[in-house]
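Chain residues, written in single-letter form:
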Amino acid sequence: PAGADRFWYWRGASGRKYIHSIYAWGACPPLPGAVYVAVKRHGSLRTVIAVSRFSPVWDDAFRAFRELDADEVHVHLLARNSAHADMVLADLTSAFTADEELPRHLETKSAWRVAA
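On a predicted model such as this, the values are computed, not experimentally measured, just so you know. (Residues numbered from 1 in each chain as written. Predicted model: local features only at pLDDT ≥ 70, side-chain atom pairs only at ≥ 80, totals over all residues. Heavy atoms only, no water.)

1. Topic: the confidence of the model for the protein chain
Here's step 1: Averaged over every residue, the pLDDT of the protein chain is 78; the share at 70 or more is 72%.
Here's step 2: Element-level mean pLDDT values for the protein chain span from 44 in strand β6 (residues 112-114) up to 94 in strand β2 (residues 17-24).
Here's step 3: Segment residues 101-116: pLDDT under 50, and 47 contacts once partners within four positions in sequence are set aside and those in other chains are kept. (pLDDT = per-residue confidence, 0-100. Helix = DSSP H or I, 4+ residues; strand = E, 2+ residues; numbered from the N terminus. Contact = heavy atoms within 4.5 Å.)

2. With respect to helix α1 (residues 82-97)
Residues three or four positions apart in an α-helix share a direction because the helix packs 3.6 residues into each turn.
Here's step 1: Compared with an ideal rise of 1.5 Å per residue, which puts 16 residues at 22 Å, α1 spans 22 Å between its outermost C-alpha atoms and is within 8% of the ideal.
Here's step 2: Sitting at the amino-terminal end of α1 is Asn 81, which places a side-chain oxygen 3.2 Å from the backbone nitrogen of Ala 83. (Expected span 1.5 Å × (residues − 1). Polar contact = N/O pair within 3.5 Å; in protein donor to acceptor, adjacent residues only side chain to side chain.)

3. Let's talk about the pairing of strand β1 (residues 7-11)
Sheet faces and side chains relate simply in a regular strand, where the side chains alternate between the two faces.
Here's step 1: Covered by surrounding structure in β1 are Trp 8 and Trp 10 only, the residues Phe 7, Tyr 9 and Arg 11 on the alternate face being uncovered.
Here's step 2: Taken together, the 5 bridges between β1 and β2 define a ladder with antiparallel strand orientation. Of the residues in β2, the one forming a bridge with Arg 11 is Lys 17.
Here's step 3: Two successive antiparallel strands, β1 and β2, enclose a turn made up of 5 residues, where Gly 15 displays a positive phi of approximately 95°. (Buried < 20%, exposed > 50% of the residue type's maximum accessible area, 1.4 Å probe, protein only. Pairing = 2+ DSSP bridges.)

4. Comments concerning the nonpolar core
Here's step 1: Of all hydrophobic cores here, the largest spans 14 residues; its most connected members are Trp 10, Val 35, Val 37, Val 51, Leu 92 and Phe 96.
Here's step 2: Listed by contribution, the elements that provide at least two residues to this core are β1, β2, β3 (35-42), β4 (45-53) and α1.
Here's step 3: With 5 residues, the single largest contributor to this core is α1.
Here's step 4: In contact with Leu 92, not counting residues within four places along its chain, are Trp 10, Arg 11, Gly 12, Tyr 18, His 20, Val 35 and Val 51. (Core = buried A, V, L, I, M, F, W, Y, C linked by side-chain atoms within 4.5 Å.)

5. Notes on the pattern of salt bridges
Here's step 1: In this structure the tally under the stated criterion is 5 salt bridges.
Here's step 2: Asp 69 is the partner of Lys 40 in a salt bridge, and the nearest nitrogen-oxygen pair spans 3.5 Å. Here Lys 40, found in strand β3, pairs with Asp 69, found in the loop between β4 and β5 (72-76); they are 29 residues apart in sequence, far enough to count as distant.
Here's step 3: Given the relative accessible area of 18%, Lys 40 is considered buried.
Here's step 4: Given the relative accessible area of 52%, Asp 69 is considered exposed.
Here's step 5: With a closest N to O distance of 3.4 Å, Asp 71 and Lys 40 form a salt bridge. Highlighted residues: Asp 71 in the loop between β4 and β5 and Lys 40 in strand β3, separated in sequence by 31 residues.
Here's step 6: Connected through shared salt-bridge partners, Lys 40, Asp 69 and Asp 71 make up one network. (Salt bridge = Lys/Arg side-chain N within 4 Å of Asp/Glu carboxyl O.)

And the structure:
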(Lines give C-alpha, C1' and ligand atoms only; values in the text may rest on other atoms or scores of the structure.)
Protein backbone atom coordinates (compact mmCIF):
# COMPACT_ATOMS: atom_id res chain seq x y z
CA PRO A 1 0.00 0.00 0.00
CA ALA A 2 1.00 3.61 -0.53
CA GLY A 3 3.11 4.93 2.33
CA ALA A 4 4.07 1.44 3.54
CA ASP A 5 7.72 2.47 3.58
CA ARG A 6 7.00 5.68 5.57
CA PHE A 7 4.31 4.69 8.06
CA TRP A 8 3.44 1.71 10.25
CA TYR A 9 0.53 1.06 12.61
CA TRP A 10 1.21 -0.62 15.94
CA ARG A 11 -1.75 -1.91 17.95
CA GLY A 12 -1.82 -1.42 21.73
CA ALA A 13 -3.21 -3.87 24.29
CA SER A 14 -6.40 -1.79 24.26
CA GLY A 15 -6.89 -2.66 20.58
CA ARG A 16 -6.22 0.93 19.56
CA LYS A 17 -3.95 1.51 16.54
CA TYR A 18 -1.18 4.12 16.62
CA ILE A 19 0.43 5.40 13.43
CA HIS A 20 4.22 5.73 13.49
CA SER A 21 6.60 7.44 11.08
CA ILE A 22 9.41 5.13 9.98
CA TYR A 23 13.02 6.33 10.01
CA ALA A 24 16.14 4.43 9.06
CA TRP A 25 18.27 3.65 12.09
CA GLY A 26 20.31 6.73 12.93
CA ALA A 27 18.38 9.01 10.56
CA CYS A 28 15.63 10.09 12.95
CA PRO A 29 15.42 13.86 13.45
CA PRO A 30 15.33 15.31 17.00
CA LEU A 31 11.94 14.40 18.50
CA PRO A 32 12.29 14.96 22.26
CA GLY A 33 9.67 13.14 24.33
CA ALA A 34 8.17 11.19 21.40
CA VAL A 35 7.18 7.52 21.75
CA TYR A 36 9.35 5.19 19.68
CA VAL A 37 9.54 1.51 18.74
CA ALA A 38 12.99 0.16 17.82
CA VAL A 39 12.59 -2.44 15.05
CA LYS A 40 14.66 -5.15 13.36
CA ARG A 41 13.44 -6.16 9.89
CA HIS A 42 13.38 -9.77 8.69
CA GLY A 43 11.75 -9.54 5.26
CA SER A 44 8.13 -8.61 5.95
CA LEU A 45 8.46 -9.50 9.65
CA ARG A 46 9.30 -6.73 12.10
CA THR A 47 10.83 -7.62 15.46
CA VAL A 48 10.32 -5.07 18.23
CA ILE A 49 13.56 -4.67 20.16
CA ALA A 50 12.56 -1.79 22.45
CA VAL A 51 9.69 0.58 23.09
CA SER A 52 10.04 3.79 25.09
CA ARG A 53 10.08 7.58 24.86
CA PHE A 54 12.95 9.74 23.76
CA SER A 55 14.51 11.89 26.44
CA PRO A 56 12.95 15.36 26.65
CA VAL A 57 16.45 16.72 26.05
CA TRP A 58 17.89 15.70 22.68
CA ASP A 59 21.55 15.27 23.57
CA ASP A 60 22.90 12.48 21.38
CA ALA A 61 19.71 10.46 21.93
CA PHE A 62 20.94 7.65 19.69
CA ARG A 63 24.10 7.09 21.75
CA ALA A 64 22.36 4.37 23.78
CA PHE A 65 20.98 2.72 20.63
CA ARG A 66 24.38 1.71 19.28
CA GLU A 67 24.20 -1.63 21.09
CA LEU A 68 20.79 -2.51 19.64
CA ASP A 69 20.55 -4.49 16.43
CA ALA A 70 17.76 -2.37 14.94
CA ASP A 71 17.16 -1.33 11.33
CA GLU A 72 14.37 1.19 11.89
CA VAL A 73 12.90 3.45 14.51
CA HIS A 74 9.13 3.95 14.38
CA VAL A 75 8.04 7.20 16.04
CA HIS A 76 4.52 8.11 17.16
CA LEU A 77 4.15 11.88 16.72
CA LEU A 78 0.47 12.45 17.49
CA ALA A 79 0.42 12.47 21.29
CA ARG A 80 -1.37 15.62 22.48
CA ASN A 81 0.87 16.09 25.53
CA SER A 82 3.28 14.23 27.79
CA ALA A 83 0.51 12.45 29.72
CA HIS A 84 -1.03 11.22 26.47
CA ALA A 85 2.39 10.01 25.26
CA ASP A 86 2.77 8.07 28.53
CA MET A 87 -0.64 6.47 27.92
CA VAL A 88 0.34 5.47 24.36
CA LEU A 89 3.64 4.06 25.65
CA ALA A 90 1.88 2.02 28.36
CA ASP A 91 -0.67 0.67 25.85
CA LEU A 92 2.01 -0.38 23.35
CA THR A 93 4.30 -1.81 26.02
CA SER A 94 1.44 -3.89 27.43
CA ALA A 95 0.70 -5.24 23.96
CA PHE A 96 4.31 -6.21 23.31
CA THR A 97 5.11 -7.70 26.70
CA ALA A 98 1.80 -9.41 27.64
CA ASP A 99 2.46 -10.75 31.13
CA GLU A 100 6.13 -9.76 31.32
CA GLU A 101 7.48 -6.95 33.46
CA LEU A 102 7.45 -3.61 31.64
CA PRO A 103 10.80 -3.08 29.91
CA ARG A 104 13.06 -0.22 30.88
CA HIS A 105 14.44 2.24 28.36
CA LEU A 106 16.22 0.22 25.65
CA GLU A 107 16.16 -2.99 27.67
CA THR A 108 16.31 -5.99 25.37
CA LYS A 109 15.21 -8.85 27.62
CA SER A 110 13.20 -10.35 24.79
CA ALA A 111 12.16 -9.63 21.25
CA TRP A 112 8.51 -9.32 20.28
CA ARG A 113 7.55 -10.49 16.81
CA VAL A 114 4.79 -8.81 14.83
CA ALA A 115 3.84 -10.04 11.37
CA ALA A 116 3.44 -7.51 8.59
